[in-house]
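Read off the chains here:
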Amino acid sequence: MARPTLAIHGGAGTVVKSLMTAELEAEYRSGLDAALTAGWTILDSSGNALDAVQAAVVELEDFPLFNAGRGAVFTHDGRQEMDASIMDGSTLRAGSVAEVRNLKNPILLSRAVMDKTVHVLLAGEGAMKFAAEQGFRLEPDKYFFTEGRWQQLQDAIAAGRVQLDHTAPKPIGTVGAVACDAEGRLAAATSTGGMTNKKFGRIGDTPLIGAGTYANELCAVSATGHGEYFMLAVTAYDVAARMKYKNLSLNDAAAEAIAHLTEIG
């Protein structure tokens, strides 16, 4: 028997201390606590890691302060295009979606891709057609509108930049969860709204298995940060490969993978 473990993240970056009021910090923590509770309830009831990470990410997608689901940032065209992925380390099965719109919980569609198709990644119109076939309900645009995200877009357009969410005063970005259940099974899940003011159908690392999400018998990885670098370095898999082929601990493998990122960045 293994020791059940769950870890979550609400995104990379550092909040400017002068902008982090006690009330805002409490609000962020409430969102994280809800995600931990949802995932841990499953693990504590002898559930599996895959269901636990899915439940945790659903809570994070439902929380408007995180850049996923309801709180996803705006593209240049003033809409949300979301990516997500989930992977079962015990079977090496995975599912992911990219450029999906108006879906409350993209992580649930990723799970459906894994469970109900022979594919790993569905994108754009094809992913939305699959969602319709599976009975996923679409939410109106107003469900995803938050004033803070809209202002981030206006600022980014005015400055002529595409920005990571965590470069803004409210920096919480891509969300994710990793878990180990009592049977020792590992799983990872990640969800994001991508970059503010992104154009040209940009897809980041989150839906790419091995780049932003990966799990096997050794580790589970959910990444957050600058997706272009994670794609170039295949970072999520890089951690697992360093553990397997160099016999490194998780901490050492992660440290080396991050150091490698700084070399190419």
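The numbering scheme is per chain: residues are counted from 1 as the chain's sequence reads. Reporting of local features is limited, given that this is a predicted model, to residues whose pLDDT is at least 70; pairs of side-chain atoms are given and counted only at 80 or more, and all residues count toward the totals for whole chains, interfaces and linings. In computing side-chain values, all of the structure's heavy atoms are included and hydrogens and water are not.

What about the sheet that holds strand β3 (residues 93-100)?
A sheet is described by the order of its strands in space; here 6 strands give the open sequence β1-β5-β6-β2-β3-β4, paired in mixed fashion. For this open sheet the edge positions go to β1 (5-9) and β4 (121-123), each flanked by a neighbour on one side alone. Across the sheet, the axes of successive neighbouring strands diverge by a mean angle of 5 degrees, strand direction being ignored. Along the sheet, helix α1 (residues 22-44) contacts β1 and β5 (175-180); its crossing angle with β1, the most-contacted strand, is approximately 155 degrees. On the sheet, helix α3 (residues 106-116) packs against β2 (82-88), β3, β4 and β6 (186-192) and is oriented at approximately 135 degrees with respect to β3. Whether two strands pair comes down to DSSP finding at least two bridges between them. Helical segments are the DSSP runs of H or I of at least four residues, strand segments are the runs of E of at least two, and each set is numbered from the N terminus. To obtain an axis, a line is fitted to C-alpha atoms, over the contacting stretch when the element is a helix, and the angle between two such axes runs from 0 to 180 degrees between their N-to-C directions. The contact criterion used throughout is that any non-hydrogen atoms of two residues lie within 4.5 Å.

Some points on a nonpolar patch on the surface
A surface patch of nonpolar side chains, amounting to about 200 Å² of accessible area, comprises V120, L121 and I209. Summarising the element assignment, I209 is placed in the loop between β6 and β7 (213-215). A relative accessible area of 30% means that I209 is categorised as partly exposed. Patch construction takes residues with relative accessible area above 30% that form no salt bridge. Like charges are linked within 9 Å, and nonpolar side chains (Val, Leu, Ile, Met, Phe, Trp, Tyr) are linked within 5 Å. Under the convention used here, a 1.4 Å probe and the Shrake-Rupley method define accessible areas, while residue burial counts only the protein chains that appear. By salt bridge we mean one thing: a side-chain nitrogen of Lys or Arg within 4 Å of a carboxyl oxygen of Asp or Glu. Note on classification: 1.4 Å probe, protein chains only; a residue is buried when its accessible area is under 20% of the maximum for its type, exposed when over 50%, partly exposed between these limits.

Details of the packing of helix α2 (residues 49-62) against α3
Packing of α2 against α3 leaves a shortest axis separation of 8 Å and a crossing angle of 150 degrees. Relative to α3, α2 is oriented roughly antiparallel. Contacts between α2 and α3 pair L50, D51, Q54, V57, V58 and E61 from the former with P106, I107, L108, R111 and M114 from the latter. By residue class, the composition of the contact of α2 with α3 is 7 nonpolar, 1 polar and 3 charged. Between 65 and 115 degrees an angle is taken as roughly perpendicular, under 35 as roughly parallel, over 145 as roughly antiparallel, and anywhere else as oblique. For this classification, the nonpolar set comprises Ala, Val, Leu, Ile, Met, Phe, Trp, Tyr, Cys and Pro, the charged set comprises Asp, Glu, Lys and Arg, and every other residue, Gly included, is treated as polar.

Describing the pattern of salt bridges
Throughout the structure, instances matching the rule amount to 11 salt bridges. Residue R93 pairs with D115 through a salt bridge whose shortest N-O separation is 3.5 Å. Here the residue R93 occupies a position in strand β3, and D115 occupies one in helix α3, the gap between them amounting to 22 residues. Judged by relative accessible area, R93 falls into the partly exposed class, the value being 34%.

Things to note about the environment of A187
As for its placement among the helices and strands, A187 is situated in strand β6. Classification of A187 by relative accessible area gives buried; the value is 0%. Between the C-alpha atoms of A187 and R93, which are 94 residues apart in sequence, the distance is 9.9 Å. In contact with A187, other than residues within four places in its own chain, are A49, L50, V53, M87, G89, A177, V178, A179, A215 and A220.

Quick word on the side chain of T235
Here T235 lies in helix α7 (residues 235-246). Aside from chain neighbours lying at most four places away, what touches T235 is G210, A211, Y229, F230 and L261.

Thoughts on the packing of aromatic side chains
Paired rings are identified among Phe, Tyr and Trp, the last through its six-membered ring, by centres lying within 6.5 Å, and are further divided according to the angle between planes into stacked (under 30 degrees), edge-to-face (over 60) and tilted (the rest). Applying the stated criterion across every chain yields a total of 4 aromatic pairs. Here the aromatic rings of Y214 and Y237 are separated by 5.2 Å at their centres, their planes lie at 90 degrees, and the arrangement is edge-to-face. Note that Y214 is positioned in strand β7 and Y237 in helix α7, a separation of 23 residues in sequence. Feature note: the residues Y28, F63 and F66 constitute an aromatic cluster, connected by ring pairs.

Some thoughts on the packing of α3 against helix α4 (residues 124-133)
As a packed pair, α3 and α4 sit with axes 11 Å apart at the nearest point and diverge in direction by 80 degrees. Taken together, α3 and α4 sit at an angle that is classed as roughly perpendicular. On α4, the residues touching L109, A112, V113 and K116 of α3 are A127, F130 and A131. Looking at the contact of α3 with α4 residue by residue, the classes come out as 6 nonpolar, no polar and 1 charged.

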